[in-house]
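Structure at a glance
Residue-level listing of the chains:
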Amino acid sequence: MAANMYRVGDYVYFENSSSNPLLIRRIEELNKTANGNVEAKVVCFYRRRDISSTLIALADKHARELEEEMENPEMRDLPEKQKHQLRHRELFLSRQLESLPATHIRGKCCVTLLNETEALKSYLDREDAFFYSLVYDPQQKTLLADKGEIRVGNKYQADITDLLKEGEDDGRDLEKMEEKIWDPNSSLTEKQIDQFLVVARSVGTFARALDCSSSVRQPSLHMSAAAASRDITLFHAMDTLHATGYDMTRAIAALVPQGGPVLCRDEMEEWSASEANLFEEALEKYGKDFTDIQQDFLPWKSLTSIIEYYYMWKTTDRYVQQKRLKAAEAESKLKQVYIPNYNKPNPNQLSNNVKPALVNGAAGTAGTAGTAVPGPPGSVPTPGLGRACESCYTSSSYQWYSWGPPNMQCRLCASCWTYWKKYGGLKMPTRLDGERPGPNRNNMSPHGLPLRHSGSPKFAVKTRQAFYLQTTSLTRMARRICQDIIRPRYMARHPYLPVNTAAIKAECALRLPDRPKKPLPLKPVERKPLESVVRYLEAHPRPSKPNPPTRGGSISTGSLTPIKSSPILNNGSPTILGKRTYEQHNGLDGAKSKVLAPQWDIMAKRVSEAVRPSSSLQDEVHELD
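Structural notes, computed from the coordinates. Because the structure is a prediction, the values reported are computed rather than measured.

So, on to the overall build of the chain. On a plain count of helices and strands, the chain comes out with 25 helices and 14 strands. Counting over 625 residues, the chain shows a buried share of 30%. For the chain, restricting intrachain contacts to residue pairs at least 6 apart in sequence, the fraction spanning at least 24 positions comes to 62%. Put simply, the chain shows about 42100 Å² of open surface, and 54% of that area lies on carbon and sulfur atoms.

In this section: the environment of L100. The residue L100 is located in strand β5 (residues 90-101) in this model. Each C-alpha atom, one on L100 and one on A40, is 5.4 Å from the other, the two residues being 60 residues apart in sequence. Once you skip the residues sitting within four places of it in the chain, L100 turns out to touch F14, R25, E39, A40 and V42.

A few words now on the sheet that holds strand β13 (residues 400-403). If you trace the three strands from one edge of the open sheet to the other, you get β10-β13-β14, paired in antiparallel fashion. Each end of this open sheet is capped by a strand with a single partner; those strands are β10 (349-350) and β14 (410-413). Two strands pair when backbone bridges link them, and β13 and β14 are joined in this way by four bridges, in the antiparallel orientation. Its bridge partner being in β14, W403 is matched across the sheet by C410. Packed on one face of the sheet, helix α16 (residues 414-423) meets β13 and β14 and runs near 100° to β14.

As a further point, take the state of the cysteines. Taken as a whole and assessed by the stated rule, the structure comprises zero disulfides. Just so you know, C413 is unpaired, no disulfide at all, and the nearest cysteine sulfur is the one on C416, 3.5 Å from it. The buried category is assigned to C413, whose relative accessible area is 0%.

Further remarks concern helix α9 (residues 231-243). The terminal C-alpha atoms of α9 lie 18 Å apart, and with 13 residues this matches the ideal 18 Å at 1.5 Å per residue to within 8%. Among all positions in α9, only T233, L234, A237, T240 and L241 are buried. All buried residues of α9 fall inside an arc of 125° around its axis, so they share one side. G245 sits one or two positions beyond α9 and adopts a positive phi of about 70°.

Right, let's talk about the environment of T304 for a bit. Mapped onto the elements, T304 comes out in helix α14 (residues 303-313). Residue classification places T304 among the exposed positions, given a relative accessible area of 57%. It is 9.4 Å that separates the C-alpha atoms of T304 and F290, two residues lying 14 residues apart in sequence.

What follows concerns the pattern of salt bridges. Throughout the structure, instances matching the rule amount to 15 salt bridges. Here K421 ties to E15 by a salt bridge, and the two come within 3.2 Å at their closest N and O atoms. Here the residue K421 occupies a position in helix α16, and E15 occupies one in the loop between β2 (11-14) and β3 (23-32), the gap between them amounting to 406 residues. Residues K421 and E15 agree in their burial class; the two are buried. E28 serves as the salt-bridge partner of R26, at 2.9 Å between the closest nitrogen and oxygen.

Assignment of secondary structure puts W300 in the loop between α13 (290-296) and α14. Each residue touching W300, except ones within four places of it in the same chain, is listed here: E275 and L278. For W300, the side chain forms a polar contact with the side chain of E275, separated by 2.8 Å.

Since its relative accessible area comes to 7%, K421 is described here as buried. A distance of 2.7 Å separates a polar side-chain atom of K421 from the backbone oxygen of N20. Leave out the neighbours within four places in its chain, and K421 touches E15, S17, S18, S19, N20, P21, L22 and R47.

Attention shifts here to unusual backbone geometry. Phi at D128 takes a positive value of approximately 60°, unusual for a residue other than glycine. Looking at the secondary structure, you find D128 in the loop between α4 (121-124) and β7 (129-137). Phi is positive for Y246, which is not a glycine, with a value near 60°. You can see Y246 is positioned in the loop between α9 and α10 (248-255).

Okay, the pairing of β3 next. Bridging between β2 and β3 involves four bridges; their strand directions are antiparallel. Across the sheet, the residue bridging to Y11 is R26, located in β3. In this structure, β3 lies alongside strand β4 (residues 38-46), joined through eight bridges in antiparallel fashion. Each residue of the ladder has a partner; that of I24, found in β4, is F45. The turn linking β3 back onto β4 is made up of five residues, and G36 within it adopts a positive phi angle of 95°.

At a minimum axis separation of 9 Å, helix α6 (residues 190-210) and α9 run at an interaxial angle of 125°. The angle between α6 and α9 falls in the class oblique. Our pair here, α6 against α9, has a crossing hand that is right-handed. Touching F196, L197, A200, R201 and R208 of α6 are T233, L234, A237, M238 and L241, all from α9.

Attention now moves to the packing of helix α12 (residues 273-286) against α14. Where α12 meets α14, the closest approach of the two axes is 12 Å, and the angle between their N-to-C directions is 85°. Our classification of the angle between α12 and α14 gives roughly perpendicular. Taking contact as the criterion, the partners of A276, F279, E280 and L283 in α12 are, on α14, I306, Y309, Y310 and W313. Partitioning the contact of α12 with α14 into residue classes produces seven nonpolar, no polar and one charged.

Thresholds, definitions, all that
Residues numbered from 1 in each chain as written. Predicted model: local features only at pLDDT ≥ 70, side-chain atom pairs only at ≥ 80, totals over all residues. Heavy atoms only, no water. Helix = DSSP H or I, 4+ residues; strand = E, 2+ residues; numbered from the N terminus. Buried < 20%, exposed > 50% of the residue type's maximum accessible area, 1.4 Å probe, protein only. Contact = heavy atoms within 4.5 Å. Areas by Shrake-Rupley, 256 points an atom, 1.4 Å probe, with all protein chains shown as cover. Pairing = 2+ DSSP bridges. Axes fitted to C-alpha atoms, helices over the stretch in contact; angles between N-to-C directions. Disulfide = S-S within 2.5 Å. Expected span 1.5 Å × (residues − 1). Arc of directions from axis to C-beta. Salt bridge = Lys/Arg side-chain N within 4 Å of Asp/Glu carboxyl O. Polar contact = N/O pair within 3.5 Å; in protein donor to acceptor, adjacent residues only side chain to side chain. Parallel < 35°, antiparallel > 145°, perpendicular 65-115°, else oblique. Left-handed = near helix turned anticlockwise from the far one by under 90°. Nonpolar A, V, L, I, M, F, W, Y, C, P; charged D, E, K, R; others polar.

Pasting the structure below:
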């Protein structure tokens, strides 16, 4: 019963997708909606898979620095598997709030701020235990150290000097180290000091009456007297008394110098009503995070001014009234909510009664790839048919779950599926984790695997080094021997059809002994060296193109032979006659198509060669035809 009761402040799992890992949130409020449902206002925590690769590199750098500060040799000696699983326990706090249905809660977890004196391995020994040390901003895409971190360790301890012996002289100049601001052994009595403070308050009230801005802010005498009675006036009076050597006559004269009475105002008087409202709104959103309050709400105020105003604001009636209102609201809100266990079947469950098809060599025998995974009481482990678990490589489990893109047909056993849902990763480090430095959220499947637009898995981040796939000699032989089964051209046009590699291997083993032992020799191709090619190109340069004929002079149509075989249908656009060449489309130099030559080009060419005999003119006509 207590395990299903969720209260404000609990860290819980939320499920927003049947295939994605569970979300980790902290309950801030429990509110009842108008239709009777319960909504939880929660603080978001992010996993490593939820942030960009650039920020992951920054988090790794922070982890290395933290490892050096801790000076813990156990962290360096951890095996790779435990280091891999430890990354799944790291979270990133955010200031983002969201509302989720309380019925989506799937259990409790524990999230703590990482302490330098704490062993990281202790989180692996506990179930549902997570830690965080950095704050993630989803809007700004930044990763910063948490301001609430407590610095503990030898690096942050003060250096204490040795105790002086009896009669030993302190060689330090104490006057340079401290300044005396009040002498309790003065000649004045307590009554005289109180009388001087009353005079100082009266002078402060009169000074506010003379000041125009103060008259607007404190229009009544009572408000001016209350403002003059604040600590800033008393501090000024006591400083004046100490500066004048505790001489009452001189001190009173210092309160009213030549220009008029001295006016002392603190942050409560300096701030306007609108600034005070902004501060209360920011305090409601960020709490005592004064840096964020300054950046987002009051950038024109200094950090010192904001902190001073906060501690003065806590002494006002306004603060007391808001505290009472919050207490009344808290009484009216829900303190806890009961959520029963979620027992509906997951849509990713695979039926153990259906034998999966042999796809890409996925044939396997029971009990050869691992041991049985213990299931719930009374359940019998079912031998895995087809692929083994993608995480622990076992072939026996009381329940299997589909995982990854559908075309990959990957699956997880019950234990690894629970680990995936809780911690957002696989138990064992895989080749994919090593080659992919960080997720690209633009091309990700629901399981975190990068995808191409076609749905085929592919590494989303480009590697620094190029690679190629090299097939074995046996594979190349099988392609040639079993061409009637493989049908290479058909399979190349349908790349997502499954290939029964088990049948191809069996057929290849039967046909291979009938083939000759030695492979057919390939005809060698002799290629000339680069130097000879360069010398040939230098000796045979490209012929220069003739200059285009000048279009000038008069055109005589009497000496032209009419063209009958290629009539000109359109003088302006050659597209009616056929397709234009690449050079015509792009305005490049090159030979124009003779069929598409415009009429004026033909006319100009004939004018330029009018001196040629009629036989050459007739040859030209045939050439144009």
